[in-house]
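# Structural description and commentary
Single-letter residue listing:
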Amino acid sequence: EYKRNYREHVVREFLRDGAGDSSRGENPSIRSHYTALTIAREPRSGHGAERGAVGCANTSNGPATVTVTAQTLFRPDEDGQTPRVVVLVGAPGMGKTTTVRKVMVEWGEGTLHEQFDCVFCIDCKGTALPKEASVADLVSQCCPHQRVPAGRILDDQKILFIFDGFEALGFSLVQPEAELSSDPREVKPLETTLMSLLKGTVLPEASLLITTRPTALQSLGRCLEGEYYAEILGFSAAMREEYFHRYFENANKANMAFRFARGNEILYSLCIIPIMSWTVCTILERELCRKKNLLECSKATTRMTMSYLSQLLKHRDRDNPQVLQRFLLRLCSMAADGIWKHKVLFEEKEIRDRGLGQPDLLPLFLNEKISKEGGDHGKVYGFTHLHLQEFFAAMFYVLEDDEETVSDLGGLEKDVSKLLESYSESRKDLNVTVQFLFGLVSQKSIEYVDKTIGCRISPQAREDLLKWFQGRHRSISHPSQALKISELDTFHFLLEMNEKSFAQSALGPFSDLDLQDMKLTLYDQMALSFCIQQWAGLGCVTLRGCSFHQQDPRVE
């Protein structure tokens, strides 16, 4: 009876969608919303130095990597070895907690993970854990308001312990072997009790699933042996589409929203990160409720990326906003420096030298990666996604500095004009950074950044962008002919800002639109539509060899 009651408690507790937005007044079920993630599993020795880069949002992990699912984490490998300990690694927002909840619900309903008689989940992030506890105490804490015979469970059962958000504990995990416990009822300091479980001195037959950001990998690696590492790589292309359909449930809305995201290459690429997919779906759902038509969607890539950023920051302590502001200025400086140098990995020394070594902030923005060389010098860092690095690089050019921070920015010149001219002349790889620039200087973005982060965006940046925009197209128009625009990115930039008055000023001197040999996605068409409506002086439109992707062939 106690086991049946506990299973019912688990289903009730973990079925609710904890990642959702409570302001929507909904609590959607993980049963209907969960979408499988790409998870790569590989064995690793206990020394923590042999593994390649951890935390990369790609699938090129080499021949030793096996793709698994939440359901097969504890299945035997090709050698028939069943892992006792699985460490599930992922950046913030990659879906670690959602995966844990899926495991708990499936066990509670009896549909999967039947090799375990009992599964207990300890939330290291949100639960007030005691300073001293036995393993039995931890089991009892998982069963509030219930009389669970912890002793009988621990004596007779095949158990899985899940530690979700292990990095939040901040333990050093260095314990003398003599202090470790072998009795599940023995009360010890929490760190010692956990170490005893990890080392297998207590309940050696129990299985462990540990979810963590990459920051805790090295300390975990020192105290585990024969464990398996599973890295969440995010949503594949097929999974992204499935997620949109699961989120919306209405097929027409799901198709419309997914086509909108699929047509925007930057946004679609970012949707590999599950919480970014959730952010995009949440925003598009509100847009569809208001307008019924995403061709009029006012939320550009920059605004959606800022919403994602606010999701990461919403549980942070807001008592000292200056700390966050200075951290962001330094982070943006490093991101911009990396974009100029085609650099996506940053050594630990550079992180320290730039003043970014803050344990409560650093893991929100950068993934710790352990290089194959290992040792103290083998730790490097990278952004969760290249487009996020490009977003922060753009922020570097538009955020106002305070006097205290200027000296910490590594000497990189904050010259918007230089960035724009480099893009015009040769550095086409700066396209995404420039698009984010336009999005960041919109009036709505300026207000949003000030409200959510407390940072100020320089009004001078708007003038620099307008001057560059008009000068760029004048220089490629023939002197004796009407001024024309023939670059598609022009319209993307103006849609990104989404300000009618700016678009009218920017397009004012031009009278011709000339596009050749282009496949115009739905997003391209939205950008063209927005700009043409603001283009009072447009006299001639020339489209040669262009094709138009339709939103839905069945819709007029």
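Thresholds applied
- Residues numbered from 1 in each chain as written.
- Predicted model: local features only at pLDDT ≥ 70, side-chain atom pairs only at ≥ 80, totals over all residues.
- Heavy atoms only, no water.
- Axes fitted to C-alpha atoms, helices over the stretch in contact; angles between N-to-C directions.
- Helix = DSSP H or I, 4+ residues; strand = E, 2+ residues; numbered from the N terminus.
- Parallel < 35°, antiparallel > 145°, perpendicular 65-115°, else oblique.
- Left-handed = near helix turned anticlockwise from the far one by under 90°.
- Contact = heavy atoms within 4.5 Å.
- Nonpolar A, V, L, I, M, F, W, Y, C, P; charged D, E, K, R; others polar.
- Core = buried A, V, L, I, M, F, W, Y, C linked by side-chain atoms within 4.5 Å.
- Buried < 20%, exposed > 50% of the residue type's maximum accessible area, 1.4 Å probe, protein only.
- Polar contact = N/O pair within 3.5 Å; in protein donor to acceptor, adjacent residues only side chain to side chain.
- Salt bridge = Lys/Arg side-chain N within 4 Å of Asp/Glu carboxyl O.
- Phe/Tyr/Trp six-rings, centres within 6.5 Å; stacked < 30°, edge-to-face > 60°.
- Lys NZ or Arg CZ within 6 Å of the ring centre and 35° of its normal.
- Pairing = 2+ DSSP bridges.
- pLDDT = per-residue confidence, 0-100.

At their nearest, the axes of helix α8 (residues 237–248) and helix α9 (residues 251–263) sit 8 Å apart, and the two run at 140° to each other. Our classification of the angle between α8 and α9 gives oblique. For the pair α8 and α9, the sense of crossing is right-handed. Only A251, K253, A254, N255, A257, F258 and A261 of α9 make contact with α8, whose side of the interface consists of R240, E241, F244, H245 and F248. For the contact of α8 with α9, the class distribution of residues is 7 nonpolar, 2 polar and 3 charged.

As a further point, take the nonpolar core. When a protein is soluble and globular, its nonpolar side chains tend to lie buried together. Ranked by size, the top nonpolar core spans 180 residues in total, and within it F120, F161, F163, F244, F392 and F491 carry the most contacts. With 11 residues, helix α13 (residues 321–340) is the single largest residue contributor to this core. Not counting the four nearest positions on each side in its chain, F244 is found in contact with A254, A257, F258, A261, C271, S277, V280, C281 and L284.

This next bit is on the side chain of N264. Assignment of secondary structure puts N264 in the loop between α9 and α10 (265–270). Aside from chain neighbours lying at most four places away, what touches N264 is T301 and Y523.

Tracing the sequence through the fold places S181 in the loop between β6 (159–164) and β7 (188–189). Among the polar contacts listed, one links the side chain of S181 to the backbone oxygen of D183, at a separation of 3.1 Å.

Further remarks concern the pattern of salt bridges. For the coordinates displayed, the defined rule picks out 16 salt bridges. Residues K102 and E106 are paired through a salt bridge, measuring 3.3 Å at the closest nitrogen-oxygen approach. Here K102 and its partner E106 are both found in helix α3 (residues 96–109), 4 residues apart, which amounts to about one turn of the helix. With relative accessibility at 6%, the residue E106 sits in the buried group. The partner of R472 in a salt bridge is D489, with the nearest N and O atoms 3.0 Å apart. Placement of R472 in helix α21 (residues 460–476) and of D489 in helix α22 (residues 489–497) is noted, with a sequence separation of 17 residues between them. Looking at R472, the relative accessible area reads 9%, which means it is buried.

What follows deals with the packing of aromatic side chains. Applying the stated criterion across every chain yields a total of 24 aromatic pairs. Relative to F120, the ring of Y6 lies with its centre 5.3 Å away and its plane at 35°, an arrangement referred to as tilted. Of the two residues, Y6 sits in helix α1 (residues 2–15) while F120 sits in strand β4 (residues 118–123), which places them 114 residues apart along the sequence. Of the two residues examined, Y6 and F120, each falls in the buried class. Pairing W468 with F493 gives two aromatic rings, centres 6.3 Å apart and planes at 50°, and the pair type is tilted. Pair noted here: W468 is in helix α21 and F493 is in helix α22, with a separation of 25 residues, a long-range link. Here W468 falls in the buried class, since its relative accessible area comes to 6%. The exposure class assigned to F493 is buried, which follows from its relative accessible area of 0%. Put simply, the rings of F327, F346, F365, F383, F391, F392 and F436 touch in pairs and so form one group of aromatic residues. If you follow K414 out to its NZ or CZ, it ends over the ring of F396, 4.8 Å from the centre.

This part covers the sheet that holds strand β14 (residues 512–516). In space, the 3 strands of this open sheet follow the order β13-β14-β16, with parallel pairing throughout. Strands with a single pairing partner mark the edges of an open sheet, and in this sheet they are β13 (484–485) and β16 (540–544). In terms of strand pairing, β13 meets β14 through 2 bridges, oriented parallel. For K484, the partnering residue across the bridge sits in β14 and is D512.

Residues at a pLDDT of 70 or more form 83% of the protein, whose mean pLDDT is 81. Across residues 45–63, confidence stays below pLDDT 50; counting only partners more than four residues off in sequence or on other chains, it has 51 contacts. Predicted confidence is poor over residues 372–376, with pLDDT under 50, and the contacts of this stretch with residues over four places away or in other chains come to 7 contacts.

Moving on to the pairing of strand β8 (residues 207–212). Extensive coverage of β8 is indicated by the burial of 6 of its 6 residues. With burial as the criterion, each face of β8 is covered, one bearing S207, L209 and T211 and the other bearing L208, I210 and T212. Examined bridge by bridge, strand β3 (residues 85–89) and β8 share 5 bridges and lie parallel to one another. Paired with V89 across the strands is T212, a residue of β8. Across 5 bridges, β6 lies against β8 in parallel orientation. Looking at the pairing, F161 lines up with L208 of β8.

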